[in-house]
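# Geometric and topological summary
Here are the chains, one letter per residue:
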Amino acid sequence: QVQLVESGGGLVQAGGSLRLSCAASGRTARSYAMGWFRQAPGKGREFVAGITWINSTYYAESVKGRFTISRDNGKNTVYLQMNSLKPEDTAVYYCAAGRVSRSVSSYDSWGQGTQVTVSS
């Protein structure tokens with residue numbers, strides 16, 4: 001199993017930027033697809049962005065063009081650069097490792113989450 005620790009959340013004004021990081025550890029961490037999900041109060045967990053072990057990326061329509069996912073395999077770290085943030089991006093953001101998919105059920109390992117709050 002892969003252990004994941006997120007960081008980089010915080011409070012930002014609408015239109016601002018944040019970069020989330022996810023440090024992975026454990027055997028074969030580099031071979032997993034990595035994903036970012038988010039969960040707003042009272043809502044289900046939703047897919048945000050994913051990246052394969054060969055750096056192919058895929059995004060939810062709601063963040064395409066604003067968010068960028070990347071990974072540094074040398075550092076076993078995945079990043080989510082979030083630009084042009086909107087109040088509706090407010091949520092707890094989770095990093096996950098698993099199979100290439102937009103589905104929560106395809107990911108086996110999860111971080112503890114980091115809060116992102118966007119003020120209007």
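Below is a short write-up of the structure.

The rules behind the values
Residues numbered from 1 in each chain as written. Predicted model: local features only at pLDDT ≥ 70, side-chain atom pairs only at ≥ 80, totals over all residues. Heavy atoms only, no water. Phe/Tyr/Trp six-rings, centres within 6.5 Å; stacked < 30°, edge-to-face > 60°. Helix = DSSP H or I, 4+ residues; strand = E, 2+ residues; numbered from the N terminus. Buried < 20%, exposed > 50% of the residue type's maximum accessible area, 1.4 Å probe, protein only. Lys NZ or Arg CZ within 6 Å of the ring centre and 35° of its normal. Salt bridge = Lys/Arg side-chain N within 4 Å of Asp/Glu carboxyl O.

### Topic: the packing of aromatic side chains
Under the counting rule described, the total for this entry stands at 5 aromatic pairs. With 5.6 Å between their ring centres and 75 degrees between their planes, Phe37 and Phe47 make a pair best called edge-to-face. Of this pair, Phe37 sits in strand E4 (residues 33-39) while Phe47 is found in strand E5 (residues 46-51), placing the two residues 10 residues apart along the sequence. A single burial state applies to Phe37 and to Phe47, both of which are buried. Just above the ring of Trp110 sits the side chain of Arg45; from NZ or CZ to the centre is 4.9 Å.

### Observations concerning the environment of Arg99
With respect to the helices and strands, the residue Arg99 is situated in the loop between strand E9 (91-98) and strand E10 (107-110). Taking the C-alpha atoms as reference points, Arg99 and Arg38, separated by 61 residues in sequence, lie 18 Å from one another.

### So, the pattern of salt bridges
Per the stated rule, a full pass over the model turns up 4 salt bridges. Where Arg38 meets Glu46, a salt bridge forms, and the shortest distance between an N and an O atom there is 2.6 Å. Residue class for Arg38 comes out buried when judged on its relative accessible area of 5%. Here Lys64 and Glu61 are joined by a salt bridge, their closest N and O atoms 2.7 Å apart. A single salt-bridge network, built from bridges that share partners, covers Arg38, Glu46, Arg66 and Asp89.

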